[in-house]
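Structure assessment
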Amino acid sequence: MEIYSGHINKLIDELAKLPGIGSKSAGRLAFHLMNLPKERIDRLANTIVEAKENVRYCESCYTLTDRDICPICTNPKRDNNLIMVVETTRDLAAYEKTGRYDGVYHVLHGAISPMLGIGPADIKLKELIHRLEGEIAEVIIATNSSLEGETTAMYLSKLIKPTGIRVTRIASGVPVGGDLEYIDEVTLLRALEGRIEL
Ligand code: ZN
């Protein structure tokens, strides 16, 4: 027997596919949405569609941005010879919040995970290697300290070292398995300042 209308079920199913949303939360959200005025729903739906249509990868660092080249890459005050490699745009945002890093970034959009079948070709790795053909003084590997993050760091260091470019890894002040996004700024700064040579 169907408890809800087909449309409600469909909405709950879609919401439940979002990260961190279980079926209970999806149900709560669906009913909340249905009780909102039509204008609010239109605005929400349009905002999502507009964001999707306008947001793209920065042609240099691959972070998500509204422009061809992101504001960090075009900022003349940033040191273009220093590249910090992070897994996601959210990790980049975490380091930006410290306000103390003046290099640029490279966003991989993931990490190597043999278990999940994610290989080097599935993340923005060759794009990074391409950038290294320019004049780069140091690559700071700031992937997470999860198994995937460490695997990616190792892979990267093996790839970069033969080029003679300095490769460093952020210090282990970052808790193992910790998502960079949830770590406070002081810990992030300490991890950055205490980075070790690979
Ligand atoms: Zn950029």
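Keep in mind that this is a model prediction, so the values were computed, not measured.

**A word on the packing of aromatic side chains**
- In the structure shown here, the tally under the stated rule is two aromatic pairs.
- Ring geometry for Tyr-57 and Tyr-62: centres 6.2 Å apart, planes at 55 degrees, overall tilted.
- Classification of Tyr-57 as partly exposed rests on a relative accessible area of 38%.

**Quick notes on the packing of helix H5 (residues 89-98) against helix H8 (residues 185-193)**
- Running from N to C, H5 and H8 cross one another at 95 degrees; their axes reach a closest spacing of 9 Å. Comparing the axis directions of H5 and H8 gives the class roughly perpendicular. Residues Ala-94, Tyr-95, Lys-97 and Thr-98 of H5 pack against Glu-185, Leu-188, Leu-189 and Leu-192 of H8.
- A breakdown of the residues in the contact of H5 with H8 according to their chemical character gives five nonpolar, one polar and two charged.

**Observations concerning the confidence of the model for the chain**
- Across the chain, the average pLDDT comes to 90, with 93% of residues at 70 or higher.
- Summarising per-element confidence for the chain, the mean pLDDT is lowest in H8 (80) and highest in strand E4 (residues 103-107) (97).

**With respect to the pairing of strand E5 (residues 138-141)**
- Neither face of E5 is exposed, since Glu-138 and Ile-140 on one face and Val-139 and Ile-141 on the opposite face are all buried.
- Note that strand E3 (residues 79-86) and E5 share four bridges and pair parallel. Among the inter-strand pairings, Leu-82 is bridged to a residue of E5, identified as Glu-138.
- Bridge analysis of E5 against strand E6 (residues 166-169) gives four bridges, and the strand direction is parallel. Opposite Val-139, over in E6, you have Val-167 as the bridge partner.
- With helix H7 (residues 147-160) bridging E5 and the parallel E6, this β-α-β connection has right-handed handedness.

**Brief notes about the coordination of the zinc ion**
- The coordination sphere of the zinc ion contains the protein donors Cys-58 (SG), Cys-61 (SG), Cys-70 (SG) and Cys-73 (SG), at a distance range of 2.3 Å.
- Here the zinc ion binds four donor atoms, and the angle range of 106 to 115 degrees at the metal identifies the geometry as tetrahedral.
- For the zinc ion, the single-chain donor residues occur in sequence as C-x2-C-x8-C-x2-C. Placement of Cys-58 in the loop between strand E1 (56-57) and strand E2 (64-65) and of Cys-73 in helix H4 (residues 71-74) is noted, with a sequence separation of 15 residues between them.

**Details of unusual backbone geometry**
- Phi angles above zero are rare outside glycine, and Tyr-62 is one such case at about 70 degrees.
- Of note, Tyr-62 is situated in the loop between E1 and E2.
- In this structure, His-109 is a non-glycine residue whose phi angle is positive, near 60 degrees.
- Along the polypeptide, His-109 turns up in the loop between E4 and helix H6 (125-131).
- Here His-109 falls in the partly exposed class, since its relative accessible area comes to 25%.

So, how was this worked out
Residues numbered from 1 in each chain as written. Predicted model: local features only at pLDDT ≥ 70, side-chain atom pairs only at ≥ 80, totals over all residues. Heavy atoms only, no water. Phe/Tyr/Trp six-rings, centres within 6.5 Å; stacked < 30°, edge-to-face > 60°. Buried < 20%, exposed > 50% of the residue type's maximum accessible area, 1.4 Å probe, protein only. Axes fitted to C-alpha atoms, helices over the stretch in contact; angles between N-to-C directions. Helix = DSSP H or I, 4+ residues; strand = E, 2+ residues; numbered from the N terminus. Parallel < 35°, antiparallel > 145°, perpendicular 65-115°, else oblique. Contact = heavy atoms within 4.5 Å. Nonpolar A, V, L, I, M, F, W, Y, C, P; charged D, E, K, R; others polar. pLDDT = per-residue confidence, 0-100. Pairing = 2+ DSSP bridges. Right-handed = clockwise from strand over helix to strand, strands pointing away. Donors = N, O, S within 2.8 Å, 3.2 Å for Na, K, Ca; no water. Tetrahedral: all angles 85-135°; square planar, octahedral: opposite > 155°, others 65-115°.

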